[in-house]
Amino acid sequence: MLSLLREKKKVVGTKQAERAVVNDQVKIIYIAKDADQYIINKLVKLCKTKDIDIAYVDTMKELGKACGIDVSAASVALLK
């Protein structure tokens, strides 16, 4: 599942993911379970209204590593 993130087109970060959802560019959203709720709440609500699947990952560090970046990531949007 997470191995897809390294090769596929994506946006990393909650603000960029929100923008992609609003513009109907997203297949699925990955959200770290340990991300601060106030950071990801708006994104989760947007995904529910747009009927976009959400996959949860255990940690922000694991999500960042799956994307091939050296920092943690609260959310990642896999693009269409």
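Data block above holds the structure.
Because the structure is predicted, anything quoted here is derived from the model rather than measured.

## Some words on the side chain of T14
- Note on placement: T14 falls in helix α2 (residues 14-22).
- Here the side chain of T14 touches S75 through a polar contact of 2.9 Å, side chain to side chain.
- If near-sequence neighbours (up to four positions away) are discounted, T14 is found in contact with I39, I40, L43, A74 and S75.

## Section: the sheet that holds strand β4 (residues 75-79)
- The sheet built from four strands is open, its strands ordered β1-β4-β2-β3 with mixed pairing. Strands at the two margins of the open sheet, each flanked by one partner only, are β1 (10-12) and β3 (53-57). Mean inter-strand twist for the sheet, computed between neighbouring axes without regard to direction, equals 20 degrees.
- With five bridges joining them, strand β2 (residues 26-32) and β4 adopt antiparallel strand pairing. Of the residues in β4, the one forming a bridge with I29 is A77.
- Each of β1, β2 and β4 is contacted by α2, which is oriented at about 155 degrees to β2, the strand it contacts most.

## Let's talk about the pattern of salt bridges
- All told, the structure shown has three salt bridges when counted by the stated rule.
- Here D24 and K50 are joined by a salt bridge, their closest N and O atoms 3.1 Å apart. Of this pair, D24 sits in the loop between α2 and β2 while K50 sits in helix α3 (residues 37-50); the two residues are 26 residues apart in sequence, bridging distant segments of the chain.
- Here D24 falls in the partly exposed class, since its relative accessible area comes to 45%.

## Things to note about the pairing of β3
- Summarising the sheet, β2 and β3 pair through five bridges and their orientation is parallel. In the strand pairing of β3, I31 is matched with Y56.
- You can see the chain leave β2, run along α3 and come back into β3, and the turn it takes is right-handed.

Parameters and conventions
Residues numbered from 1 in each chain as written. Predicted model: local features only at pLDDT ≥ 70, side-chain atom pairs only at ≥ 80, totals over all residues. Heavy atoms only, no water. Helix = DSSP H or I, 4+ residues; strand = E, 2+ residues; numbered from the N terminus. Polar contact = N/O pair within 3.5 Å; in protein donor to acceptor, adjacent residues only side chain to side chain. Contact = heavy atoms within 4.5 Å. Pairing = 2+ DSSP bridges. Axes fitted to C-alpha atoms, helices over the stretch in contact; angles between N-to-C directions. Salt bridge = Lys/Arg side-chain N within 4 Å of Asp/Glu carboxyl O. Buried < 20%, exposed > 50% of the residue type's maximum accessible area, 1.4 Å probe, protein only. Right-handed = clockwise from strand over helix to strand, strands pointing away.

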